Structures are given as C-alpha cells and as structure tokens.
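Chains, contacts and geometry: an overview
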Amino acid sequence: MAVKVADLVKEFDLKVYNEGLEGAEVNEVEINRCGLQLSGYYDYFEHVRVQIIGNAENSYLHSLPDPERKKAVGKLLSYPIPCIVITSGNTVSDDLLKEAAHYGRWVLGTHKSTSSFHVDLTLYLQSALAESISIHANLLDVYGVGVLITGQSGIGKSETALELIRNGHLLIADDFVVIKKIGADNLVGTCSEITRNLMEIRGIGIIDINSLFGLSAIRIQKNIEIVINLEPWDDNAHYDRVGSEYEMTAYLDIKLPYIRVPVKPGRNLAAIVEIAALNYRQNLMNGGNSVVSKLNETIMRLQKK
Amino acid sequence: MTRASVVVKNEVGLHARPAVVLIQTAQKFKSEIRFLKNAQSYNGKSMISLLSMGAKKGDLLTVTAEGEDEAEAINTITGLIDSFKD
C-alpha cells in the first residue's frame with residue numbers, strides 16, 4: 001500500500017505551493033524534520049519520508065544569507081523526497097519554490113503546528129499504510145470486547161450476530177471483515193464501505209442494521225481481541241472443559257485467544273459469545289483466570305484438612 | 001485448487017442482481033469458491049462479501065475453487081461472469 005501525495009493534500013486540506021510529480025507517493029509512516037539536512041548534514045538521511053519544515057527550520061532558513069539558503073534548499077530538493085510540508089502557516093521562500101519547481105517536488109503548507117500535524121499525519125499513515133487482509137467472519141463489539149466470529153458457511157455466524165445485536169451489542173462487519181495491523185500488536189477490524197451496516201440473513205435477505213436498530217447498534221471499527229470459531233458438534237472432538245488457558249490463533253502474525261464453540265441445536269450461541277467476552281474481560285482485569293486458580297486453591301485447602 | 005482469471009464486461013458490474021445469480025450458481029458446488037481482486041479475497045458464496053468487492057466493468061478478477069468439483073465450478077463461474085450482458 002502507498003498513499004499518493006495528492007491524497008494527503010485532500011485528506012489534510014493542505015495548501016499546495018508547488019505541484020510535484022503526479023505519481024509521487026508516501027510509503028513510510030515515519031516523518032522527518034529536515035533541520036539537520038538544511039544545515040548540511042546528510043548522513044542517515046531518510047529521504048523517502050515526508051519532510052517537515054517547522055518554525056525552527058523556517059527561522060534557520062531566514063537567518064541564512066541568500067546564496068547559502070539557495071544552496072541548502074537546492075541540496076534537500078535534489079533528493080527524491082515525496083513532499084515537504086511547511087507547518088504553522090509559515091510563508092515559503094522563493095528559493096525553495098524555484099528549486100521545487102526545478103526538481104518536480106511537492107511543497108505543501110498547513111496552519112497546524114508541527115507537533116499536532118506530526119501526530120495527525122502519523123495516525124493517518126499508520127492506518128493507510130497498514131498491512132491488511134480480508135476474511136470471512138463477523139465482527140462485533142460485545143461488552144466492549146472486539147469479538148471475531150469465524151466458522152464455515154451456513155454454521156450460523158450471521159444469526160448469532162443478529163441475536164447479539166438484539167441484546168444491545170454492536171455490529172462492525174457481517175461476513176466480510178477487513179483486518180488491518182496497526183502498530184506492532186494491534187489488529188483493527190472494519191467493514192467494506194459498500195456493505196457498511198448491512199447483514200444477510202438467509203431466508204430474509206439483506207437487512208440494514210442502522211435503519212432497523214439505529215446508531216446504537218453499529219460501530220465503524222474495533223480492535224479485535226478474541227476469536228470465536230463456531231464448529232459443527234463432534235462427539236469425538238476435544239473441547240475445553242476447564243478454560244484454564246486460551247488456545248491461540250494468529251492474523252498478520254498477531255496472536256489472539258481462540259475459542260472453539262461447538263454448535264448443536266438448542267445451544268444459545270449468543271449467550272455463549274457474551275459469556276466468552278465477559279470471561280475474557282474478567283481474565284484481563286484479574287491478570288489470569290481467577291475461576292480456575294480459585295478452584296485450585298479450594299481443592300488444595302480441603303485436601304490439607 | 002483450480003484458478004482462472006476473468007474480466008467483468010457488463011456495464012453495471014457485479015451489482016445486486018448479477019450477484020444473486022452468481023451466488024445461486026456458486027452455492028450449487030461443494031467446492032469453496034473465492035474471488036480475488038486487488039490482493040483482497042472475497043467469499044463466492046456470501047452475498048455481503050461479493051457486494052463488498054464492488055466489482056465494476058473492466059475489473060480483473062481471479063476465481064479460485066477448492067474441492068471435489070473445482071474444475072466444473074471454475075468453468076461455470078467464469079462462463080457466467082463472461083455471459084453477463086447489462
């Protein structure tokens with residue numbers, strides 16, 4: 001994934017001082033304040049990053065005599081940088097614009113301060129450049145826990161999701177979840193824009209959760225915290241009977257607790273998903289499974305008598 | 001696994017009505033059927049998934065099938081997408 005500089009302009013409503021090459025794009029989340037480079041130091045220069053000229057860099061440039069300023073900006077712009085952003089609404093020197101036009105580089109401006117623009121741009125690039133996959137599953141916010149419901153076609157994922165929505169939980173995506181890796185250990189799930197708030201219930205068709213249940217039943221995105229896999233009941237399979245520790249699965253190399261829930265007529269799946277989410281929260285808040293350790297403690301105590 | 005590529009030729013793309021026909025056809029097969037577009041994968045038997053793809057005229061799709069009837073599934077599905085007219 002890459003972000004076109006032209007898209008950054010639209011996203012942040014940036015002022016365009018010089019339009020660079022049309023295909024220029026950003027591939028790195030990190031951002032560079034180019035003060036060191038303007039002063040002539042180019043070791044370890046990450047020219048692929050967005051370059052920022054803040055108040056300090058701007059005032060340094062103004063302090064230089066004309067020929068030196070021309071040389072400093074000329075050298076910076078000779079590198080194939082994606083773009084320069086001048087923050088705090090500062091003005092652009094003619095030298096910079098001349099060199100930018102010469103090399104075909106984007107020069108942009110914003111009224112935001114350097115630190116606030118830095119944060120906003122990093123957050124945006126983190127999401128836009130994130131590694132992503134799409135999977136066949138449902139994603140809900142159950143008691144504040146991001147629950148991904150997986151399982152083969154026709155096992156009842158959407159029906160379980162509908163029951164959860166009726167119980168007051170929130171739908172993020174039905175049947176098609178886009179998962180993005182944000183940062184080192186965070187997975188965020190969202191839906192496709194085309195099918196946002198839509199669900200398909202076999203026998204009824206496509207329904208719009210927003211118009212049936214209102215805004216309180218939907219969310220745009222959510223961190224994924226546990227995976228619940230609905231499986232056909234198999235008398236010979238081993239299901240967790242104690243729940244002392246979670247089996248794990250992984251998406252985009254990030255591990256998540258994986259709970260297998262066997263499906264049988266008469267099992268209230270929505271209730272089981274609710275309990276799994278609550279139980280996960282309890283374990284999280286108590287730093288481990290308190291039920292199992294309490295049970296162990298009781299057994300030990302009684303044995304000592 | 002069998003795979004084949006197909007270009008969407010009809011004017012409206014894989015909108016609601018062609019998608020319904022496509023799903024009904026895909027469901028007749030035992031194989032797992034998937035569509036790939038721009039490195040994203042979509043389930044060929046799910047209406048929501050197929051609509052999420054938003055395939056429009058000129059899009060290149062890769063169809064994959066895995067299962068006992070995969071060869072027949074691929075032929076039928078690609079033939080069907082090819083046959084969509086409007």
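Residues numbered from 1 in each chain as written. Chains lettered and ligands numbered in written order. Predicted model: local features only at pLDDT ≥ 70, side-chain atom pairs only at ≥ 80, totals over all residues. Heavy atoms only, no water.

Attention now moves to the overall build of chain B. Each helix and strand in chain B was counted, giving three helices and four strands. Its helices and strands in sequence order give chain B the pattern β-α-β-β-α-β-α, from N to C terminus. A globule of 86 residues ought to have a C-alpha radius of gyration of about 12 Å, and chain B, at 11 Å, matches this closely. Residues counted as buried form 55% of the 86 residues belonging to chain B. Excluding contacts between residues fewer than 6 apart, the proportion of contacts in chain B whose partners are at least 24 apart in sequence is 71%. Working note: accessible area of chain B is about 4300 Å², and carbon and sulfur atoms make up 51% of it. The average position of the 11 basic charges and that of the 10 acidic charges among the side chains of chain B differ by 6 Å. (Helix = DSSP H or I, 4+ residues; strand = E, 2+ residues; numbered from the N terminus. Rg over C-alpha atoms; globule rule 2.2 N^0.38 Å. Buried < 20%, exposed > 50% of the residue type's maximum accessible area, 1.4 Å probe, protein only. Contact = heavy atoms within 4.5 Å. Areas by Shrake-Rupley, 256 points an atom, 1.4 Å probe, with all protein chains shown as cover. Lys, Arg positive; Asp, Glu negative; His and termini not counted. Charge placed at Lys NZ, Arg CZ, Asp CG, Glu CD.)

This part is about the packing of aromatic side chains. Residues and elements named next belong to chain A. Using the criterion set out here, one finds eight aromatic pairs over all chains in the structure. Where Phe45 meets Tyr79, the ring centres are 5.0 Å apart and the plane angle is 90°; that geometry is what we call edge-to-face. Of the two residues, Phe45 sits in the loop between helix 2 (35–38) and strand 5 (50–53) while Tyr79 sits in the loop between helix 4 (66–78) and strand 6 (83–86), which places them 34 residues apart along the sequence. Aromatic pair Trp233 and Tyr239: ring centres 5.9 Å apart, planes at 50°, arrangement tilted. (Phe/Tyr/Trp six-rings, centres within 6.5 Å; stacked < 30°, edge-to-face > 60°.)

What follows concerns the pattern of salt bridges. Pairs can form between side chains of opposite charge once their charged atoms are near each other. Going through the model one piece at a time under the given rule, you end up with 17 salt bridges over all chains. Here Arg49 of chain A ties to Glu46 of chain A by a salt bridge, and the two come within 3.9 Å at their closest N and O atoms. The class for Arg49 of chain A is buried, based on a relative accessible area of 18%. Two residues, Glu11 of chain B and Lys57 of chain B, come together in a salt bridge whose shortest N-O distance is 3.0 Å. Of the two residues, Glu11 of chain B sits in the loop between strand 1 (2–7) and helix 1 (16–27) while Lys57 of chain B sits in the loop between helix 2 (47–53) and strand 4 (60–66), which places them 46 residues apart along the sequence. Salt bridges linked by common partners bring Glu28, Glu46 and Arg49 of chain A together as one network. (Salt bridge = Lys/Arg side-chain N within 4 Å of Asp/Glu carboxyl O.)

Attention now moves to the sheet that holds strand 6 of chain A. Residue and element names in this part refer to chain A. The mixed open sheet is built from five strands, whose spatial order is 2-7-6-5-4. What marks the edges here is a single partner per strand, and that holds for strand 2 (15–18) and strand 4 (31–33). Neighbour-to-neighbour, the strand axes of this sheet turn through a mean angle of 30°, independent of strand direction. Note: strand 6 against strand 7 (residues 106–109), four bridges, orientation parallel. Bridge pairing in strand 7 places Val85 opposite Leu108. (Pairing = 2+ DSSP bridges. Axes fitted to C-alpha atoms, helices over the stretch in contact; angles between N-to-C directions.)

Contacts between chain A and chain B engage 17 residues on the former and 14 residues on the latter. Taking both partners together, chain A and chain B bury about 1200 Å²; carbon and sulfur atoms supply 55% of that area. Here chain A is connected to chain B by zero salt bridges. Across the chain A-chain B interface, the total number found is six residue pairs in polar contact (both at pLDDT 80 or more). For the side of chain A that touches chain B, the elements supplying multiple residues, two or more each, are strand 8 (132–135) and strand 14 (198–201) of chain A. Considering only residue class, the side of chain A that touches chain B consists of seven nonpolar, six polar and four charged. (Buried area = accessible area lost by both parts, 1.4 Å probe. Polar contact = N/O pair within 3.5 Å; in protein donor to acceptor, adjacent residues only side chain to side chain. Nonpolar A, V, L, I, M, F, W, Y, C, P; charged D, E, K, R; others polar.)

By the assigned domains, chain A splits into domain 1 (3–128) and domain 2 (131–302). Centre-to-centre, using C-alpha coordinates, domain 1 of chain A lies 44 Å away from domain 2 of chain A. (Domains from an automatic or database assignment.)

As a further point, take the confidence of the model for chain B. Residue and element names in this part refer to chain B. The pLDDT averaged across chain B works out to 91; a share of 100% of its residues lies at or above 70. No element of chain B has a lower mean pLDDT than helix 1, which averages 89, and none a higher one than strand 4, which averages 94. Here the predicted complex carries an ipTM of 0.83, next to a pTM of 0.80. (pLDDT = per-residue confidence, 0-100.)

With that settled, the discussion passes to helix 1 (residues 5–12) of chain A. Residue and element names in this part refer to chain A. Within helix 1, burial applies to Val5, Leu8, Val9 and Phe12. Summarising the axial view, the buried residues of helix 1 lie within an arc of 105°, below the 170-degree limit, and thus occupy one face. Looking at the residues trailing helix 1, positive phi occurs at Asp13, about 50°. (Arc of directions from axis to C-beta.)

Moving on, we get to the side chain of Lys37 of chain B. Residue and element names in this part refer to chain B. Within the secondary structure, Lys37 sits in strand 2 (residues 32–37). One polar contact links Lys37 to Asp59, side chain to side chain, over a distance of 3.4 Å. Excluding its chain neighbours within four sequence positions, the residues that come into contact with Lys37 are Tyr42, Met53, Gly54, Ala55, Asp59, Leu60 and Leu61.

Glancing now at unusual backbone geometry. All names here are of chain A. Residues other than glycine seldom take positive phi values, yet Asp13 does so here, at roughly 50°. Within the secondary structure, Asp13 is located in the loop between helix 1 and strand 2. By relative accessible area, which is 68% here, Asp13 ends up exposed. The phi dihedral of Tyr44 falls on the positive side, at around 55°, and the residue is not glycine. The topology assignment puts Tyr44 in the loop between helix 2 and strand 5.

With that settled, the discussion passes to the environment of Leu212 of chain A. All names here are of chain A. Topologically, Leu212 is positioned in helix 8 (residues 209–213). Take Leu212: its relative accessible area is 55%, and that puts it in the exposed class. Between the C-alpha atoms of Leu212 and Thr160, which are 52 residues apart in sequence, the distance is 17 Å.

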